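# Chain and residue survey
In case you want the letters, here they are:
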Amino acid sequence: MNNETKNTETQIANVFDCLAITNVQVFPFKEGPSMGHMKGLATVVFNDQLMLRGLRIMDGENGLFVGYPNDPFYKGEDFRYIAQPVTRQLREHIENCVLEKYQAAIA
């Protein structure tokens, strides 16, 4: 491993040190025709201090992914998210934690 790769991994680890996922709860749905692509819901807790509810576990064309809560009062053409990660690294970290817990719950 070269120094550049090591420094990048250290920087990513430091980002998540300040915003650690301390708890993940998943609520898988029973299979049924009315559920469509949504497979379950999830709640994530950061640093035992901040809770993010309403994450949707979705089955898309490229497999499972995590959808973020939408603003139900937004009247525009697109969705507007109530909360979402700003960086790709945090989005992937949240998605990995949620989907690992989901796979364990349905197994």
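In case you missed it, the structure is sitting above this.
Residues numbered from 1 in each chain as written. Predicted model: local features only at pLDDT ≥ 70, side-chain atom pairs only at ≥ 80, totals over all residues. Heavy atoms only, no water.

## Notes on the sheet that holds strand 3 (residues 50–60)
We count it as follows: We treat two strands as partners when DSSP finds at least two bridges between them. Secondary structure elements follow DSSP: runs of H or I of four or more residues count as helices, runs of E of two or more count as strands, with numbering from the N terminus. Every angle, taken between N-to-C directions, lies between 0 and 180 degrees, and every axis is a line fitted to C-alpha atoms, over only the stretch in contact when it is a helix.
If you walk across this open sheet you meet the four strands as 1-2-3-4, and the pairing is antiparallel. Lying at the two open borders of the sheet, with one neighbouring strand each, are strand 1 (21–28) and strand 4 (63–67). Each strand of the sheet is rotated relative to its neighbour by a mean of 25°, with strand direction disregarded. Where strand 1 meets strand 2 (residues 38–46), seven bridges bridge the pair, whose relative direction is antiparallel. Bridge pairing links V26 to A42 in strand 2.

## A look at the nonpolar core
Here is the rule: Each nonpolar core is a collection of buried residues, namely Ala, Val, Leu, Ile, Met, Phe, Trp, Tyr and Cys, held together in the definition by side-chain atoms within 4.5 Å. When accessible area is computed with a 1.4 Å probe and restricted to protein chains, residues below 20% of their type maximum are described as buried, those above 50% as exposed, and intermediate ones as partly exposed. The contact definition used throughout considers only heavy atoms, calling two residues in contact when any of these lie within 4.5 Å.
The biggest cluster of nonpolar side chains holds 16 residues, and the ones touching the most others in it are V26, V44, L55, I57, I94 and V98. At the level of elements, strand 1, strand 2, strand 3 and helix 2 (88–106) are the ones that each hand at least two residues to this core. Tallying contributions element by element places helix 2 first for this core, with five residues. Not counting residues up to four positions away in its chain, the partners in contact with L55 are G40, L41, A42, V44, V66, G67, Y68, P69, I94 and V98.

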